[in-house]
Amino acid sequence: MTMRSTRSTVTFSNPFTLPGYPGDLPAGDYEVLVEEELLQGLSFEAYRRTATYLTVRGRGGHAGRTELRAISDSDLKAALSRDATTSETNNHSEAALFPQEDLK
């Protein structure tokens, strides 16, 4: 069976959580690894996703360690959507809309 892997980068602007994992992850860039297998017996080339992983770098006492966290495509999309909504809300806050004038 033929397999392929692709890597991409996603950016979180805010701390976020992933289902099944404790604690918040910090904002920043994260590498996503997608593994797919070639579907056999078709008249055209097609692949089926078999796994998705998010690369998480260790912090604090775990600095220097890297962990591949299995995540579903839908959980990743949901986390990115929540991040975009949070960023949009923060950008439209009253403080951002009405900045204080310099007090002299």
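Just so you know, these numbers come straight off a predicted model, no measurement behind them.

Thresholds, definitions, all that
- Residues numbered from 1 in each chain as written.
- Predicted model: local features only at pLDDT ≥ 70, side-chain atom pairs only at ≥ 80, totals over all residues.
- Heavy atoms only, no water.
- Helix = DSSP H or I, 4+ residues; strand = E, 2+ residues; numbered from the N terminus.
- Buried < 20%, exposed > 50% of the residue type's maximum accessible area, 1.4 Å probe, protein only.
- Contact = heavy atoms within 4.5 Å.
- Areas by Shrake-Rupley, 256 points an atom, 1.4 Å probe, with all protein chains shown as cover.
- Pairing = 2+ DSSP bridges.
- Axes fitted to C-alpha atoms, helices over the stretch in contact; angles between N-to-C directions.
- Patch = residues over 30% accessible without salt bridge, like charges linked within 9 Å, V, L, I, M, F, W, Y side chains within 5 Å.
- Salt bridge = Lys/Arg side-chain N within 4 Å of Asp/Glu carboxyl O.
- Core = buried A, V, L, I, M, F, W, Y, C linked by side-chain atoms within 4.5 Å.

## As for the overall build of the chain
For the chain, the count of helices and strands is two helices and four strands. Taken from the N to the C terminus, the helices and strands of the chain come in the order β-β-β-β-α-α. Residue burial in the chain is summarised as follows: out of 104 residues, 24% are buried. Restricting the contact set of the chain to residue pairs at least 6 apart, pairs at least 24 apart contribute 43%. Accessible surface computed for the chain: about 7,600 Å², of which carbon and sulfur atoms make up 50%.

## A few points about the sheet that holds strand E4 (residues 66-70)
What holds strands together in a sheet is hydrogen bonding between their backbones, with the strands either parallel or antiparallel. Reading across the sheet, the four strands line up as E1-E2-E3-E4 and stay open at both edges, with antiparallel pairing between neighbours. One side of each edge strand has no neighbouring strand; the edge strands of this open sheet are strand E1 (3-12) and E4. Strand-to-strand twist across the sheet, computed as the mean angle between neighbouring axes with direction ignored, equals 30°. Where strand E2 (residues 28-38) and strand E3 (residues 47-57) come together, seven bridges link them in antiparallel fashion. Directly across from Leu 38, in E3, lies its bridge partner Tyr 47.

## Points about the environment of Ser 8
For Ser 8, the position within the fold is in strand E1. When its relative accessible area of 37% is taken as the criterion, Ser 8 is described as partly exposed. Each C-alpha atom, one on Ser 8 and one on Leu 54, is 9.9 Å from the other, the two residues being 46 residues apart in sequence. Other than its neighbours up to four places away in sequence, Ser 8 contacts Tyr 30, Glu 31 and Val 32.

## Thoughts on the pairing of E3
Summarising the sheet, E3 and E4 pair through five bridges and their orientation is antiparallel. When the bridges of E4 are listed, Leu 54 appears paired with Arg 69.

## Some words on a nonpolar patch on the surface
A cluster of nonpolar side chains, contributed by Leu 39, Leu 42 and Phe 44, occupies part of the molecular surface with about 280 Å² of accessible area. Tracing the chain through its elements places Leu 42 in the loop between E2 and E3. Accessibility expressed as a relative area gives 41% for Leu 42, which makes it partly exposed.

## Comments concerning the nonpolar core
Phe 12, Phe 16, Leu 18, Tyr 30 and Leu 54 are the most contacted members of the largest nonpolar core, which has 13 residues in total. The dominant element in this core, judged by the number of residues it contributes, is E2, at three residues. When residues no more than four places from it in sequence are discounted, the contact partners of Tyr 30 are Ser 8, Thr 9, Val 10, Phe 12, Phe 16, Leu 25, Leu 54, Thr 55 and Val 56.

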